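The residues making up each chain are set out below.
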Amino acid sequence: MKNPRPLFAVLIFSLAVFSNASAKNQTDLTEVMKNSIVYLNISYYGYEQYQPWKNKEISEGWGVGCAVTENQVITPAYNIANAAVIEVKRFGQNEFIPAKIKIIDYESNLALIELDPNTVRKPLIPLKFSAKYKKGAEVNFYWLSAIAQVYSGRGYLDRATIDPSPIAFSRMLNFVAANVSDNTNNGQLYCMGTEPLGIACWSSNKEAGIIPADAINRFLADAKDGSYNGIGAAGFSTTGLLDPVLRKYLKLPDEIRDGVYVSDVYTIGTGCNELKKGDVLLSVDGFKLNSYGRFVHPQYDALFFDYLITSKTAGEKITFDIWRDSKEQKIETLVKNFDVSQMLVPWYDFDSQPQYFIIGGCILRKSLS
Amino acid sequence: MKKTLFVLIAFLSAGICTAEPPDMTKSVVMIQTAKQSYNYSTPWKQQSTTAGVGSGFIIAQNRILTNAHNISDNRFIIVKKENIAKKYPASVEFVGHDCDLAVLKIYDQSFFDGTEPLDFGQLPKVNSTVSTYGFPMGGEHISVTEGVVSRIQTDIYVHTGADSHLVVQTDAAINPGNSGGPVMQDGKVIGVAFQGMLAADNIGYMIPTTVIRHFLDDINDGRYDSFGSLGVTLFPGLHNDSYYDFLKIPADTQGVIVTNVILNSSAEKVLQKDDCITKIDDYDIDNDGMIAIYGTKHYMSEVIEQKQIGQKVILTYWRNGQKNTAELTIQLNRPIFEYARLYDNPPRYVCFAGLTFVSASRNFLETWGKDWLKEIPHTLRYLFSDSDKLNTDRNRKEYVVLSEILSDEINAYADGFINKPLENINGTPIMSLDDVKKAFENKDADFYILKFMNSDRPLPIEAKKAHQRNEFILKKYNVPAWAFMEGQI
């Protein structure tokens with residue numbers, strides 16, 4: 001019989017190395033975040049949709065604000081939709097700090113909240129969102145509770161994705177953290193190591209959506225001068241171009257294997273005046289689109305081309321390469337967006353009383369999606 | 001005074017006692033039917049066979065009257081008399097699915113030996129006693145139940161799910177198997193038992209003799225033409241005082257407002273939107289659209305129900321402050337997207353390049369199952385409920401839908417178009433299945449470009465290749481023919 005001892009020794013050694021590695025990668029910023037994250041106490045006071053002169057019953061919610069200046073924090077816009085009052089609680093200060101919304105953008109799902117400078121006893125320490133996406137990396141998240149205690153949790157970065165928003169028209173980039181240890185959907189700060197990565201915006205089945213650093217930094221840069229332009233919005237829709245017969249009918253040469261079919265062009269939004277129904281969109285800003293409408297991003301891998309519009313600020317340049325009239329053409333234009341109220345049936349209507357009039361007891365109001 | 005009353009009661013009693021009640025075993029028959037309906041999504045297929053049992057009764061001219069739903073989609077019909085072992089094969093002579101009535105004939109005339117045809121009575125009075133006869137579940141012999149007439153009103157006939165006629169409600173038990181049996185009063189048929197309300201206790205319905213007589217008169221010329229209509233949509237708008245000023249109608253007028261005139265109807269020559277109809281023949285119409293008839297109030301449609309297609313009604317109506325009278329011919333006026341369930345005829349279809357096209361019908365929508373109205377795609381729901389307003393093309397005969405794709409390399413990318421109504425092929429509007437057939441018979445084009453409603457992209461099919469693949473696909477999927485165009489639209 002062979003002596004089992006050498007194998008036993010190897011196993012113990014391996015376990016020791018593995019647990020050392022795990023402990024080494026774990027970073028706890030609980031202490032550091034005490035002066036950078038705040039608790040938002042939100043009172044909601046929206047309007048009833050069928051009888052829009054009535055307010056809904058007041059309800060309360062909470063969220064997390066992440067400091068971006070000494071007295072300003074960001075949080076997901078949906079978190080404070082129809083907010084009547086926002087009060088802020090921070091670590092080490094018992095009383096609530098009054099706060100007001102400075103900028104809110106439901107398309108990028110971000111809001112900038114300003115704390116009353118006279119009530120803030122000591123300046124917040126602004127966070128710099130700088131972490132780069134790394135698939136599979138461990139991420140930690142932090143939030144301040146109602147009793148002013150910093151909590152944390154963890155998960156793993158699973159993917160970068162462009163998914164339809166539950167509310168907004170625009171399809172934005174989100175990081176998705178998997179196997180997260182708690183539900184995070186209202187602004188919890190996600191960090192990779194010591195670097196802030198983004199803020200939590202949705203949670204489902206042990207997964208969490210994160211508004212990434214790039215989107216936050218674009219939002220803050222846009223908001224810096226006080227006039228906010230907003231992100232680009234597509235002025236057209238596309239469908240996949242997988243059917244070889246449709247490609248043949250469109251007279252696409254064999255060497256062009258990719259691109260998507262422009263199935264509808266709107267009256268508002270990016271490309272609305274330049275694109276035509278029946279065009280084939282081959283590339284955006286030089287990024288070639290496959291037949292599903294995805295391109296390869298150097299950092300995030302395959303993303304839907306919507307990112308190339310919604311990651312830009314309205315007014316920036318954008319280039320479309322298209323196939324039209326049996327030849328390739330280039331379109332250079334500016335990224336556009338629109339106020340949701342310009343939509344025939346607006347996708348949402350927050351923070352304001354719906355317009356209506358009553359005649360003969362009949363209530364007439366604008367149709368909402 | 002007391003004496004007079006006694007004499008009257010005695011006379012009535014004597015009358016009742018001396019009237020010989022008919023021997024219903026000589027008149028009421030059991031009807032056994034083997035049924036097989038069609039698959040409206042894969043229209044060359046038939047469903048499994050089912051067996052049904054119902055009732056019927058013998059009427060004049062050696063005919064058997066029963067419900068249409070007893071013999072719809074039949075493959076074989078047997079008629080049996082009470083206490084006689086012999087089974088007599090029968091066939092349908094006339095069927096009116098819209099009024100749920102059918103007349104059967106039996107080739108072996110010996111069937112009628114010893115039988116007694118039943119006569120028809122009038123509309124019964126509410127609270128009068130009636131007896132139902134038939135072969136309901138729970139036994140093999142004729143069953144009789146007794147009850148009273150609870151109410152008389154216009155209601156939906158569930159066999160087609162779309163047609164409304166007068167019904168008589170009774171609390172005499174009407175159970176499965178009673179359908180088609182006679183409901184008797186004073187020795188005469190005053191109705192045909194035909195439907196009940198499952199969620200209620202003892203709410204059964206019979207088809208009254210007003211409807212039966214219309215059916216029997218209709219078939220006198222050897223063909224059933226169905227019930228007609230005015231060809232307009234009506235709205236009880238005069239409950240709103242503002243309508244009087246808006247339409248310049250005198251304040252004491254009662255009537256109903258025309259909100260839509262059906263395309264290609266005879267009403268187009270007579271009526272227009274916003275006319276206010278106040279009188280139909282000699283009947284004044286109230287603001288609910290009711291007239292005084294049969295000793296009570298019923299919908300004004302009851303006047304049309306009494307007439308055959310091709311007959312006329314005289315309408316009095318207000319337009320632009322003027323009172324007018326006009327004659328209107330009653331027509332069939334079915335909606336472009338048929339509301340009613342269809343029976344008996346195999347569905348028409350075109351199956352080309354594996355793409356199966358059928359007419360958009362209630363039967364097709366019901367392939368979605370019990371909750372079909374909720375489950376169907378919204379475009380089909382919109383067309384189904386509003387086709388009379390949405391269709392503005394008088395050449396349209398039907399909407400055509402891509403119901404099924406028989407997978408093949410020629411249609412590998414067509415999945416996204418399933419259940420969508422077809423708008424045009426190579427720019428030619430599709431108004432009927434005939435148009436689809438014609439479009440695919442044209443071999444001049446390189447591509448068939450199919451455009452569907454509510455679809456932003458077209459479906460191109462390579463014409464030459466599609467014709468090459470077609471025979472192979474039909475053979476592979478056992479489709480008997482690439483197009484079946486017989487039967488009614």
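Because the structure is predicted, anything quoted here is derived from the model rather than measured. (Residues numbered from 1 in each chain as written. Chains lettered and ligands numbered in written order. Predicted model: local features only at pLDDT ≥ 70, side-chain atom pairs only at ≥ 80, totals over all residues. Heavy atoms only, no water.)

Caption draft 1: Structural context of the overall build of chain B. Of the regular secondary structure elements, chain B holds 10 helices and 28 strands. Across its three principal directions, the C-alpha atoms of chain B cover 95 × 70 × 40 Å. Taken over 489 residues, chain B has a buried fraction of 51%. Residue pairs at least 24 apart in sequence account for 63% of intrachain contacts in chain B once pairs closer than 6 positions are excluded. If you sum the accessible surface of chain B, you get close to 23,500 Å²; carbon and sulfur atoms cover 50% of it. (Helix = DSSP H or I, 4+ residues; strand = E, 2+ residues; numbered from the N terminus. Buried < 20%, exposed > 50% of the residue type's maximum accessible area, 1.4 Å probe, protein only. Contact = heavy atoms within 4.5 Å. Areas by Shrake-Rupley, 256 points an atom, 1.4 Å probe, with all protein chains shown as cover.)

Caption draft 2: Broad picture of the domain arrangement of chain A. Residues and elements named next belong to chain A. Domain assignment breaks chain A into domain 1 (32–115), domain 2 (138–223) and domain 3 (236–334). Put simply, the middle of domain 2 and the middle of domain 3, counted by C-alpha atoms, are 29 Å apart. At the junction of the two partners, domain 2 supplies 12 residues and domain 3 supplies 10 residues. Carbon and sulfur atoms make up 60% of the area that domain 2 and domain 3 hide from each other, which totals about 980 Å². Contact with domain 3 buries area across many residues of domain 2, yet Ile 162, Arg 171 and Arg 218 alone supply 48% of it, more than any other trio. Note that Arg 171 and Asp 306 form a salt bridge whose closest N and O atoms lie 3.3 Å from each other. Counting across the domain 2 and domain 3 interface gives four residue pairs in polar contact (both at pLDDT 80 or more). Broken down by secondary-structure element, the contributors of at least two residues to the side of domain 2 that touches domain 3 are β8 (150–162), β9 (173–178) and α2 (213–223). Per-class residue counts for the side of domain 2 that touches domain 3 are six nonpolar, two polar and four charged. (Domains from an automatic or database assignment. Buried area = accessible area lost by both parts, 1.4 Å probe. Salt bridge = Lys/Arg side-chain N within 4 Å of Asp/Glu carboxyl O. Polar contact = N/O pair within 3.5 Å; in protein donor to acceptor, adjacent residues only side chain to side chain. Nonpolar A, V, L, I, M, F, W, Y, C, P; charged D, E, K, R; others polar.)

Caption draft 3: Fine view of the domain arrangement of chain B. In terms of domains, chain B is made up of domain 1 (6–17 + 121–218), domain 2 (24–112), domain 3 (232–329) and domain 4 (349–484). Using only C-alpha atoms to locate each centre, domain 1 of chain B and domain 4 of chain B end up separated by 45 Å.

Caption draft 4: Region of interest: the packing of aromatic side chains. All names here are of chain A. Throughout the structure, instances matching the rule amount to 41 aromatic pairs over all chains. Ring geometry for Tyr 39 and Trp 62: centres 5.9 Å apart, planes at 10°, overall stacked. Of this pair, Tyr 39 sits in strand β1 (residues 37–44) while Trp 62 sits in strand β2 (residues 59–67), and the two are 23 residues apart along the sequence. Following the ring pairs from residue to residue traces out a cluster consisting of Tyr 133, Phe 175, Phe 287, Phe 295, Tyr 300 and Tyr 307. The positively charged end of Arg 171 is found above the aromatic ring belonging to Phe 304, 4.8 Å away from the centroid. It is Arg 294 that lies over the ring of Phe 304; its NZ or CZ is 4.5 Å from the centre. (Phe/Tyr/Trp six-rings, centres within 6.5 Å; stacked < 30°, edge-to-face > 60°. Lys NZ or Arg CZ within 6 Å of the ring centre and 35° of its normal.)

Caption draft 5: Representation of unusual backbone geometry in the model. All names here are of chain A. Despite not being glycine, Lys 251 shows a phi value in the positive range, around 60°. Its location among the elements puts Lys 251 in the loop between α3 (244–249) and β14 (260–265). Look at Lys 251 and you get exposed, because its relative accessible area is 57%. The phi dihedral of Asp 301 falls on the positive side, at around 70°, and the residue is not glycine. Inspection of the secondary structure puts Asp 301 in strand β18 (residues 301–304).

Caption draft 6: Looking closely at the environment of Phe194(B). Residue and element names in this part refer to chain B. Along the polypeptide, Phe 194 turns up in strand β11 (residues 188–196). In this structure Phe 194 comes out as buried when scored by relative accessible area, which is 3%. Between the C-alpha atom of Phe 194 and that of Phe 246, which follows or precedes it by 52 residues, the distance is 44 Å. If we skip the residues at most four places from it in the chain, Phe 194 touches Asn 67, His 69, Asp 100, Tyr 157, Val 167, Ser 179, Tyr 205, Met 206 and Ile 207.

Caption draft 7: Structural view of helix α10 (residues 463–476) of chain B. Residues and elements named next belong to chain B. Compared with an ideal rise of 1.5 Å per residue, which puts 14 residues at 20 Å, α10 spans 20 Å between its outermost C-alpha atoms and is within 8% of the ideal. Along α10, the largest kink reaches about 35° and is centred on Arg 469. For α10, the set of buried residues is Ala 463, Ala 466, Asn 470, Ile 473 and Leu 474. Buried-residue contacts for α10 involve β21 (349–352), β26 (447–452) and β27 (459–462). Just downstream of α10 lies Asn 478, where phi reads positive at about 55°. (Expected span 1.5 Å × (residues − 1). Bend = angle between axes of the 7 residues up to and from the residue.)

Caption draft 8: How the structure looks around the interface of chain A and chain B. Chain A puts 13 residues into the contact, and the matching count from chain B is 10 residues. The largest contributions to the chain A side of the interface with chain B come from Asp243(A), Val245(A) and Tyr249(A), which together make up 43% of the buried area. Counting the contacts that link chain A with chain B gives one salt bridge. Put simply, Lys248(A) and Glu462(B) hold a salt bridge, and the shortest N to O gap is 2.4 Å. Counting across the interface, chain A meets chain B through one residue pair in polar contact (both at pLDDT 80 or more). Mapped onto the side of chain A that touches chain B, the elements with two or more residues apiece are β13 (236–239), α3 and β14 of chain A. Top element by residues in the side of chain A that touches chain B is α3(A). It accounts for five residues.

Caption draft 9: Region of the structure containing the sheet that holds strand β9 (residues 164–170) of chain B. Residue and element names in this part refer to chain B. Taken in spatial order, the six strands line up as β7-β8-β9-β12-β11-β10 and close into a barrel, and their pairing is antiparallel. Each neighbouring strand pair of the sheet contributes to a mean axis angle of 45°, computed without reference to strand direction. Where strand β7 (residues 129–134) and strand β10 (residues 182–185) come together, two bridges link them in antiparallel fashion. Bridge pairing in β10 links Thr 132 to Val 183. Along the sheet face, helix α3 (residues 209–218) touches β9, β11 and β12 (204–208) and points at about 45° away from the line of β12. (Pairing = 2+ DSSP bridges. Axes fitted to C-alpha atoms, helices over the stretch in contact; angles between N-to-C directions.)

Caption draft 10: Quick look at the side chain of Thr319(A). All names here are of chain A. Note on placement: Thr 319 falls in strand β19 (residues 317–324). You can call Thr 319 buried: its relative accessible area is 17%. Not counting residues within four places of it along the chain, the set of residues in contact with Thr 319 comprises Ser 283, Val 284, Asp 285, Lys 330, Ile 331 and Glu 332.

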